[in-house]
Amino acid sequence: MTTSPTTALRVLRAPRMPVASTTFWIAVAVLAVLVIAAVFAPWLAPYPPDQIDYAAINAGPSPQHWLGTDNLGRDTLSRTMWGGRTALLGPLLVVIGSTVLGMLLGLAAGWKGGWLDSVLGRAFDVLFAFPSLLIAIIAVALFGKGLVAPVIAMCIAYTPYVARLTRALVQAERTRPYVSAYRVQGFGGPWIALRRVMPNITPVVGAQSTLNFGYVLAELAGLSFLGLGVQPPTPDWGAMINEAQAGIVSGAFLPAIVPAVAVVLAVVSVNVIGEEMSDRIGGEVPA
């Protein structure tokens, strides 16, 4: 079977997906290592996270403790691996919650328009006036310290960002010919919106939500550092940095540096992945 010249020209002229950069794959590898270390911490960590060794308080790196110990003699590597479980779980819950809620609200506002769009738009404007970290601090003041209150508060704070993007995408999709074609065939508005429009905008919203993951991770780590998030003795990267402050005076830097580097690596990796995803699908974002 031979290929016609016209077909060959079409293949040559067809747009190709850009090849992912080396930086992207490095970020994926780093994030994968952090996630694997956190998920499999019960099996990979050399020590339990709360095991105290008074004979090795603020000890430096050694064959027994590769990254040293903290001010209670707890293994820094083990606590960092266990701390990734809460440090990564919180942002994941926020991103999932805000993405689902934001897409539903944005879909309703962009598809229906009218008074519903106006009411939701004003509500989003009110939420935009308050930084997400401030909303989380208020939630902690009202409902107490821990992970639950900040996660719920940040879900609410990040929902308008997802909803506004979704609304703009839906308004652009409404004018496309395939929507009119489905209407002519007798399909209802809700079916078209949920079964056809929503899948088309999900990749763009997903790329933005990936970027939100990095922002939320840094903010939740900051809350834990301030003593408003995850509480000791539960290991968490932000809380570990807070606990290690006293040891810095005596020259024990690793208990603070290691979780801080973990936060930086996670945030930078997620941002690189999110930016690459946004660039690859950028042509589909409406102006």
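Use the structure listed above.
(A) Just the packing of aromatic side chains, in detail. Within this structure, the stated rule accounts for 8 aromatic pairs. Between Y158 and Y161, the aromatic rings sit 5.8 Å apart at their centres with planes inclined by 40 degrees, giving tilted as the arrangement. Of the two residues, Y158 and Y161 both sit in helix α7 (residues 148-174), 3 residues apart, roughly one turn of that helix. Ring geometry for Y182 against W191: centres 5.6 Å apart, planes inclined by 65 degrees, an arrangement best described as edge-to-face. W191 sits in the partly exposed class, given a relative accessible area of 27%. Geometry around W111 places R174 over its ring, the cationic atom sitting 5.9 Å from the centre.

(B) Molecular detail of the packing of helix α9 (residues 189-225) against helix α12 (residues 254-280). For the pair α9 and α12, interaxial distance at closest approach is 8 Å and the crossing angle is 165 degrees. In terms of orientation, α9 and α12 fall into the roughly antiparallel class. Considering only the axes of α9 and α12, their crossing is left-handed. Two secondary-structure elements touch here, α9 through G206, A207, T210, L211, F213, G214, Y215, L217, A218 and A221 and α12 through V263, A266, V267, V270, N271, I273, G274, E275, M277 and S278. A breakdown of the residues in the contact of α9 with α12 according to their chemical character gives 13 nonpolar, 6 polar and 1 charged.

(C) Broad picture of α9. At M198, α9 shows its maximal bend, which comes to roughly 50 degrees, and the proline P199 appears one to four places after that position. Just downstream of α9 lies G227, where phi reads positive at about 85 degrees.

(D) How the structure looks around empty space enclosed by the protein. Going through the model one piece at a time under the given rule, you end up with 3 cavities of 30 Å³ or more. Of the pockets and cavities examined, the largest cavity occupies roughly 80 Å³. If you trace the largest cavity, you find 15 residues lining it, with L147, L220, A221, S224 and D236 closest to the centre. Tallying contributions element by element places α9 first for the lining of the largest cavity, with 5 residues.

(E) Summary view of the nonpolar core. Of all hydrophobic cores here, the largest spans 19 residues; its most connected members are L88, F213, L217, W237, V263, A266 and I273. Secondary structure elements with two or more residues in this core: α2 (22-39), α4 (76-112), α9, α10 (237-243) and α12. Residues within four places of L88 in sequence aside, it is in contact with L34, V35, A38, F213, L217 and W237. Grouped together as the second largest cluster of nonpolar side chains are 17 residues, M103, L169, I192 and V204 included.

(F) Seen up close, the pattern of salt bridges. Within the structure shown, the criterion is met by 8 salt bridges. Of the charged contacts, one joins R176 and E173 as a salt bridge, the two residues approaching to 2.8 Å between their closest N and O atoms. Judged by relative accessible area, R176 falls into the partly exposed class, the value being 36%. A residue is classified by how much of its surface remains accessible, and E173, at 9% relative accessible area, is buried. Salt bridges linked by common partners bring D70, R74, R79 and E243 together as one network.

Quick notes on the rules
- Residues numbered from 1 in each chain as written.
- Predicted model: local features only at pLDDT ≥ 70, side-chain atom pairs only at ≥ 80, totals over all residues.
- Heavy atoms only, no water.
- Phe/Tyr/Trp six-rings, centres within 6.5 Å; stacked < 30°, edge-to-face > 60°.
- Helix = DSSP H or I, 4+ residues; strand = E, 2+ residues; numbered from the N terminus.
- Buried < 20%, exposed > 50% of the residue type's maximum accessible area, 1.4 Å probe, protein only.
- Lys NZ or Arg CZ within 6 Å of the ring centre and 35° of its normal.
- Axes fitted to C-alpha atoms, helices over the stretch in contact; angles between N-to-C directions.
- Parallel < 35°, antiparallel > 145°, perpendicular 65-115°, else oblique.
- Left-handed = near helix turned anticlockwise from the far one by under 90°.
- Contact = heavy atoms within 4.5 Å.
- Nonpolar A, V, L, I, M, F, W, Y, C, P; charged D, E, K, R; others polar.
- Bend = angle between axes of the 7 residues up to and from the residue.
- 1 Å grid on protein atoms, 1.4 Å probe; cavity = no way out; pocket = protein on both sides within 12 Å on 5 of 7 lines; lining within 4 Å.
- Points joined across faces, edges and corners; volume = space filled by probe spheres on them.
- Core = buried A, V, L, I, M, F, W, Y, C linked by side-chain atoms within 4.5 Å.
- Salt bridge = Lys/Arg side-chain N within 4 Å of Asp/Glu carboxyl O.

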